[in-house]
Amino acid sequence: VAKKPDSALKSFLSGGVGGICVVVVGHPLDLIKVRMQTGGIAGASGSVLGIFANTFRSEGMRGLYRGVSAPLLAVSPIFAISF
């Protein structure tokens, strides 16, 4: 029995969703990395957990996803095409 090939649309959408998941999981860590490289936030310890805690305390959950729109717009189509 021959297997029916997946549709191109299904593969495209699957790649796009995968790209969104990558950004949603990785963006807070990237934000912390950038803040560590640029001197962090005043009053935060230099550790990953210290910067995470200070960001979450001062800006809330939205602060961890500040600037996420640009990576979403850039990465999702790349994953969709290459999936």
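Residues numbered from 1 in each chain as written. Predicted model: local features only at pLDDT ≥ 70, side-chain atom pairs only at ≥ 80, totals over all residues. Heavy atoms only, no water.

**Things to note about the pattern of salt bridges**
As enumerated under the stated definition, the model contains three salt bridges in all. Between Lys33 and Asp30 there is a salt bridge whose closest N-O contact spans 3.3 Å. Residue Lys33 and its partner Asp30 are both found in helix H1 (residues 8–37); the two are separated by three residues, about one turn of the helix. Taking relative accessible area as the criterion, Lys33 reaches 40% and is therefore assigned partly exposed. Among the ionic pairs, Arg35 bridges to Glu59, the shortest N-O distance being 3.1 Å. One end of the pair, Arg35, is in helix H1; the other, Glu59, is in helix H2 (residues 48–64), and 24 residues separate them in sequence. Overall, the relative accessible area of 15% leaves Arg35 in the buried class. Here Glu59 falls in the partly exposed class, since its relative accessible area comes to 27%. (Salt bridge = Lys/Arg side-chain N within 4 Å of Asp/Glu carboxyl O. Helix = DSSP H or I, 4+ residues; strand = E, 2+ residues; numbered from the N terminus. Buried < 20%, exposed > 50% of the residue type's maximum accessible area, 1.4 Å probe, protein only.)

**Here's the deal with the packing of H1 against helix H3 (residues 69–82)**
One way to put it is that H1 packs onto H3 with a least axis distance of 7 Å and a crossing angle of 140 degrees. One element, H1, and the other, H3, form an angle in the oblique class. Between H1 and H3 lies a crossing whose hand is right-handed. Residue-level contacts link Ser11, Phe12, Gly15, Gly16, Gly18, Gly19, Ile20, Val22, Val23 and His27 of H1 to Pro71, Leu72, Val75, Ser76, Phe79, Ala80 and Ile81 of H3. Residue composition of the contact of H1 with H3, by class: ten nonpolar, seven polar and no charged. (Axes fitted to C-alpha atoms, helices over the stretch in contact; angles between N-to-C directions. Parallel < 35°, antiparallel > 145°, perpendicular 65-115°, else oblique. Left-handed = near helix turned anticlockwise from the far one by under 90°. Contact = heavy atoms within 4.5 Å. Nonpolar A, V, L, I, M, F, W, Y, C, P; charged D, E, K, R; others polar.)

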